[in-house]
Amino acid sequence: MRHAVRARDPQPGERRDSYARHRPEATVLYQTLAEHWPAFLEQAEETGGLPRFVVREFEEYLRCGILGHGCLHLVCRCCGYSQLVARSCKRRGFCPSCCGRRMADTAVHLEQGVLPAVRIRHWICTLPWGLRALLGYDRELCAEVVRAFATELDRSLRWRAKRELDLDSVARAHTGSVVAIQRTDSALRLNVHLHVLSLDGVYVRDPAGELVFHELPTPTHAEVAEVARRTAERIEQILRAHGRSLDPELAQDEPHLLCLDEPGLAACYAAAAQGISLTGDRAGRPTLRLIVPRDKVEAPAGEVDADPPVAEVRGVNVHAKQVVDGRDRNQLERLCRYITRPPVGQDRLERRADGRLELTLKKAWRDGTRALVLEPHELITRLIAAIPPPGFHLLRYFGVLSSHSSLRAQVVPEPPADCTAHQPPPAAGDQLPLFAEGDADERPARRKRWAWLLKHVYAADLDNCPRCGGPMRWLDFVTAPDELARLLAAHGLGPQPPPRAQEPPRGQLRLPLGA
């Protein structure tokens, strides 16, 4: 569900938590897609069209958060204060609100139920340019590449632990990691890369049989380079098994199945990966950029590390500088939100006076590029590449943190008991449970409620009435156009609809008098 709309605000000020509903129709992203998506789709149909999962992503986004496409009616049981909650698309491609909800929910899950209170190191692995469009759709190949890096990282930690702890075998050391797959970079180019939260050490059983965590020193440049080198070798073996290679002269001449089955999608992936325009006057040319002089580009702050844990080997770039103390759960949750963040930041997208779009980068590139100037169709092309295909998992677990590990229960933290995470807090007047104790489905809910997440992240209380503090409860979920129009008009959010047609009493026949 979406954020709440205040109707008949009890005090013409603001809520005590200064909360306001997100209005997608007022954003540059929504306005651009509402205006240009139909024409883009019509043009794509001329070259074979786009797959259903892409079309549905855009169609659902254009209905997401719009009260006129369906909403939930909430009423306070104590004072009658009412508010409306718009439906959400629940997609995982580029919708800022739904992807933000997924980000917050995943971060809470990782912090409360997966990552133990030990030191965590953030590893980043970027891949060769020639792989990025291919990994964007081929989920089996992407899974093998992810597994290759996770395996080499596990191997590196085990051998380092054997040397540091004087173990008789690497099999005694147990590692764990969580891999989040990001599909785009800050310029919205198709750039499949990996964010890995790895336990910065190993678990070893002591003489009493208990698992004990041992921290390892910061990896050296040589150790990170070894991980990058072995990962590159594994990736080349995987590509050869699939009949492909990073070297164009060694690759097979047959086009990828995606080019044969979905030529429109393959063209979007290729353009988004290369950062070029797909259609229009600049077709095949790089996107326009706004550049500042190099002397004005801010240099990285902090001291220069003489032996940085960063390396690049044959296009595989590995970065392992960031580390957090797992006992600082707030910082750990912020890091989890960062690695699972949505691809589009609303505050970075602006409309220029000439109708084009300006996408500001998070930080200037080395050549001074601070922003991109995109045509609407260029933005749509890059958003298409940001949508993961069906069955493309964006989060993976390895080592002792994976579900099939026999040691997982001894490592992961016990989630705090919070009955309000999946259902509103109990209040007077609630319906009694329909099942006797032990008969109800005891499986835990997969997702936490929007209201709970908003309170957890932003301290915004949407479970209670802003007027009297009473419980807000569902009254109705409205989807019929006539009912929606009347409900919005009653809340001052739309024009007054015509009166409802009066139906004849049941059992009474209409006689054609005067016919």
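Overview of the structure. As the structure is a prediction and not an experimental result, all values here were calculated from the model.

Strand order in the open sheet made by the six strands is 10-11-4-6-5-15, with antiparallel pairing throughout. Both edges of this open sheet fall to strand 10 (310-313) and strand 15 (395-399), since each of them pairs with a single strand only. Direction aside, neighbouring strands of the sheet carry axes that sit 20° apart on average. Examined bridge by bridge, strand 4 (residues 120-126) and strand 6 (residues 190-199) share seven bridges and lie antiparallel to one another. Bridge pairing in strand 6 places His 122 opposite Leu 197. Together, strand 4, strand 5 (176-184) and strand 6 form the strand contacts of helix 4 (residues 129-137), whose direction differs from that of strand 6 by roughly 80°.

Below, the discussion takes up the packing of helix 1 (residues 28-45) against helix 10 (residues 376-386). Contact pair helix 1 / helix 10: the axes reach a minimum separation of 10 Å and the direction vectors enclose 90°. Considering the angle they form, helix 1 stands roughly perpendicular to helix 10. For the pair helix 1 and helix 10, the contacting residues are Leu 29, Thr 32, Leu 33, His 36, Trp 37 and Phe 40 in the first and Pro 376, His 377, Leu 379, Ile 380, Thr 381, Leu 383 and Ile 384 in the second. Of the residues contributing to the contact of helix 1 with helix 10, the split by class is nine nonpolar, four polar and no charged.

Turning our eyes to something else, we now look at helix 10. Counted residue by residue, helix 10 has 10 buried out of 11 residues, so it is predominantly covered. Residues Pro 376, Glu 378, Leu 379, Ile 380, Thr 381, Arg 382, Leu 383, Ile 384, Ala 385 and Ala 386 constitute the buried set of helix 10.

With that settled, the discussion passes to the sheet that holds strand 9 (residues 288-291). With antiparallel pairing, the four strands of this open sheet are ordered in space as 9-14-13-12. With one partner strand each, in any of the chains shown, strand 9 and strand 12 (349-351) form the two edges of the open sheet. Going from strand to strand, the sheet's axes swing by 30° on average, the running direction of each strand aside. As paired strands, strand 13 (residues 357-360) and strand 14 (residues 369-374) are joined by four bridges and run antiparallel to one another. Note that in strand 14 the partner of Thr 360 across the bridge is Ala 371.

Moving on: the side chain of Arg 341. Inspection of the secondary structure assignment puts Arg 341 in the loop between helix 9 (329-339) and strand 12. The side chain of Arg 341 sits in the buried core without any salt bridge; Asp 185 is the nearest counter-charge, 8.8 Å away. A distance of 2.6 Å separates a polar side-chain atom of Arg 341 from the backbone oxygen of Tyr 338. The residues contacting Arg 341, other than those within four sequence positions of it, are Met 103, Gln 182, His 195 and Lys 362.

Let us look at the packing of aromatic side chains. Inspection of the entire model under this criterion finds seven aromatic pairs. A centroid spacing of 5.8 Å and a plane angle of 55° characterise the contact between Tyr 30 and Tyr 61, whose relative ring orientation is tilted. Taken as a pair, Tyr 30 in helix 1 and Tyr 61 in helix 2 (residues 52-61) lie far apart in primary sequence, 31 residues in all. Per residue, the accessibility class of Tyr 30 equals that of Tyr 61, and both read buried.

Attention now moves to helix 13 (residues 481-490). Along helix 13, the residues that are buried comprise Leu 484, Leu 487, Leu 488 and Ala 489. A positive phi of about 70° marks Gly 492, the residue just after helix 13.

A few words on the side chain of Asp 200. Structurally, Asp 200 is set in the loop between strand 6 and strand 7 (201-205). Under the relative-accessibility criterion, Asp 200 is labelled buried at 2%. Side chain to side chain, Asp 200 and Arg 121 meet in a polar contact 3.1 Å long.

Orientation of helix 8 (residues 263-274) relative to helix 10, taken along the N-to-C sense of each, is 105°, at an axis distance of 8 Å. On the basis of their axis angle, the class for helix 8 and helix 10 is roughly perpendicular. Within the contact between the two elements, helix 8 uses Leu 265, Cys 268, Tyr 269, Ala 271 and Ala 272 and helix 10 uses Thr 381, Arg 382, Ile 384 and Ala 385. Residue classes in the contact of helix 8 with helix 10 are distributed as seven nonpolar, one polar and one charged.

Rules used throughout
- Residues numbered from 1 in each chain as written.
- Predicted model: local features only at pLDDT ≥ 70, side-chain atom pairs only at ≥ 80, totals over all residues.
- Heavy atoms only, no water.
- Pairing = 2+ DSSP bridges.
- Helix = DSSP H or I, 4+ residues; strand = E, 2+ residues; numbered from the N terminus.
- Axes fitted to C-alpha atoms, helices over the stretch in contact; angles between N-to-C directions.
- Contact = heavy atoms within 4.5 Å.
- Parallel < 35°, antiparallel > 145°, perpendicular 65-115°, else oblique.
- Nonpolar A, V, L, I, M, F, W, Y, C, P; charged D, E, K, R; others polar.
- Buried < 20%, exposed > 50% of the residue type's maximum accessible area, 1.4 Å probe, protein only.
- Lys, Arg positive; Asp, Glu negative; His and termini not counted.
- Salt bridge = Lys/Arg side-chain N within 4 Å of Asp/Glu carboxyl O.
- Polar contact = N/O pair within 3.5 Å; in protein donor to acceptor, adjacent residues only side chain to side chain.
- Phe/Tyr/Trp six-rings, centres within 6.5 Å; stacked < 30°, edge-to-face > 60°.

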